[in-house]
Amino acid sequence: MKLHEKYIKRCIQLAKNGLGTTYPNPMVGCVIVLNDVIIGEGWHKRAGEPHAEVKAIESVKDKSLLKEATIYVSLEPCSHFGKTPPCANLIVEKGIKNVVIGIFDSNSNVSGKGVKHLKDNGCEVVVGVLESACFDLNKRFFTFHNKKRPFIILKWAETKDGFIDKKRNAGDDNSPNWISNQYSQQFVHKMRAEEQAILVGTNTALNDNPSLNVRSWVGENPIRVVLDRTSKIPVDYNLFNGEIKTIVFSETKHIIDSYGKVIFERIDFSENVPSQICEVLYKYEIQSVIIEGGSQTLQGFIDANLWDETFVFVGATNFKEGLFAPELKKVPFEVRKISNDTLKIYKNY
């Protein structure tokens, strides 16, 4: 089993190369081993492109070795035809008889079927190696398929004295009141590149006129999601520039209908707003979302217990007055220092 763990760890390491680029597919890594030597490996890069098992098999120079080798994969091989052929079928076709799998796939199209196909065709299959680590690798994917909602990450920055923003007065410009340092801000852009969507409330949009893109990191811009109950946000704001797919939640008919990459969705703001947001994002097959604010929006998700992870950046400054940060009555799972900032990470799973 220790030997199996060694190679599943390598699978996980490879799979992480696809963080932020494989949606709606999971991240998967694969290695092929003969006599305790890796002879092939691969990982899934992007939906529609070859899966990890295909890349690993392709990388083996002498294909005759496959019949004596063991294939390790972090997630159950698929057994259905999608944009690419089934990987379980390919493993059988190549004569690989020993298969070690980290965790079952919870997608109803696959769950258990890939393993069954392998066993029915004479493969020796081991499932459940480093299962917890394999689950964590694809926590977004599993949450989406098991809970029928995105994996929800709450994020905010607060001062040492517990404020999320300064008091705004009429006529103030909409420049952000930065609390965290430049390294924390870069970390946030890294987070954005890893998640599928990012959401802000009306006040944050009005006060900061954010772009919600990836500027200080390399990666794809997340889908923008904004709450605009009574259509207060001006149409010339950055969120409506049409450069990035944007979903706008409103209860009124906006001054303009959906256009280009900007989509308007109507919800009832007098009911459970976080739950309605999750339903719509699930409809759009969005597997993960960062809730960046403001305080009222974040507190709504906390109070509804609709969150999975929370990242709180505590800056080295005090505002003395202003808008209080959300209240989260939980002990941090992890605490890090980012220069003179403190990052507190909470988990809810």
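Residues numbered from 1 in each chain as written. Predicted model: local features only at pLDDT ≥ 70, side-chain atom pairs only at ≥ 80, totals over all residues. Heavy atoms only, no water.

## A short note on the domain arrangement of the protein
The criterion, for reference: Domains are outlined according to an automatic or database domain assignment. Here a residue-residue contact requires only that any non-hydrogen atoms of the pair lie within 4.5 Å. When two parts are brought into contact, each loses some accessible area as probed by a 1.4 Å sphere; the total of that loss over both is the buried area. Each salt bridge in this description consists of a side-chain nitrogen of Lys or Arg and a carboxyl oxygen of Asp or Glu lying within 4 Å of one another. Pairing of N or O atoms within 3.5 Å defines a polar contact, subject to two protein rules: one partner must be a possible hydrogen donor and the other a possible acceptor, and residues neighboring in sequence count only if both atoms are side-chain atoms.
When the domains of the protein are assigned, the result is domain 1 (1-141) and domain 2 (148-347). Centre-to-centre, using C-alpha coordinates, domain 1 lies 35 Å away from domain 2. Between domain 1 and domain 2, the contact holds nine residues from the first and 10 residues from the second. Here domain 1 and domain 2 share an interface that buries about 940 Å² over both sides, 44% of which is from carbon and sulfur atoms. For domain 1, the biggest contributors to the area lost against domain 2 are Tyr23, Lys139 and Arg140; these three give 56% of the whole. There are three salt bridges connecting domain 1 and domain 2. Here arginine 140 and glutamate 195 are joined by a salt bridge, their closest N and O atoms 2.7 Å apart. At the junction of domain 1 and domain 2, the tally comes to six residue pairs in polar contact (both at pLDDT 80 or more).

## Notes on the UniProt feature "binding site: Zn(2+)" (unreviewed entry) in the protein
Keep this limit in mind: UniProt positions are given in the numbering used here, feature names are shortened, and annotations may be inferred rather than shown by experiment. Helix and strand assignments come from DSSP, with helices taken as H or I runs of at least 4 residues and strands as E runs of at least 2, each series counted from the N terminus. Think of it in three bands: residues with accessible area under 20% of the maximum for their type are buried, residues over 50% are exposed, and the middle band is partly exposed, with areas taken using a 1.4 Å probe on protein chains only.
The sites that UniProt annotates as "binding site: Zn(2+)" (unreviewed entry) are His51, Cys78 and Cys87. In summary, the annotated positions, though distributed over 37 residues, converge in three dimensions, the widest C-alpha pair being only 9.2 Å. As for its placement among the helices and strands, cysteine 78 is situated in the loop between β3 (70-75) and α3 (87-93). A relative accessible area of 9% places cysteine 78 in the buried class. When residues no more than four places from it in sequence are discounted, the contact partners of cysteine 78 are His51, Pro85, Pro86, Cys87, Ala88 and Val110. Note on placement: cysteine 87 falls in helix α3. For cysteine 87, a relative accessible area of 1% puts it in the buried group. Every residue in contact with cysteine 87, bar those within four places of it in the chain, is listed here: His51, Glu53, Val54, Pro77 and Cys78.

## Overview of the sheet that holds strand β2 (residues 37-43)
Rules: Two strands qualify as a pair provided DSSP detects at least 2 bridges between them. Helix axes are fitted to C-alpha atoms over the stretch in contact, other axes to C-alpha atoms as well, and angles between N-to-C directions run from 0 to 180 degrees.
On the basis of which strands lie adjacent, the open sheet formed by five strands has the order β2-β1-β3-β4-β5 and mixed pairing. This sheet does not close on itself; its edge strands, each paired only once, are β2 and β5 (124-127). Here the strands of the sheet are splayed against their neighbours by 15° on average, with no regard to which way each runs. Strand direction decides the pairing type here: strand β4 (residues 98-103) and β5, joined by four bridges, are parallel. The residue of β5 that forms the bridge with valine 100 is valine 126. The sheet strands contacting helix α1 (residues 2-15) are β1 (29-34), β2, β3, β4 and β5, and the helix crosses β1 at an angle near 145°.

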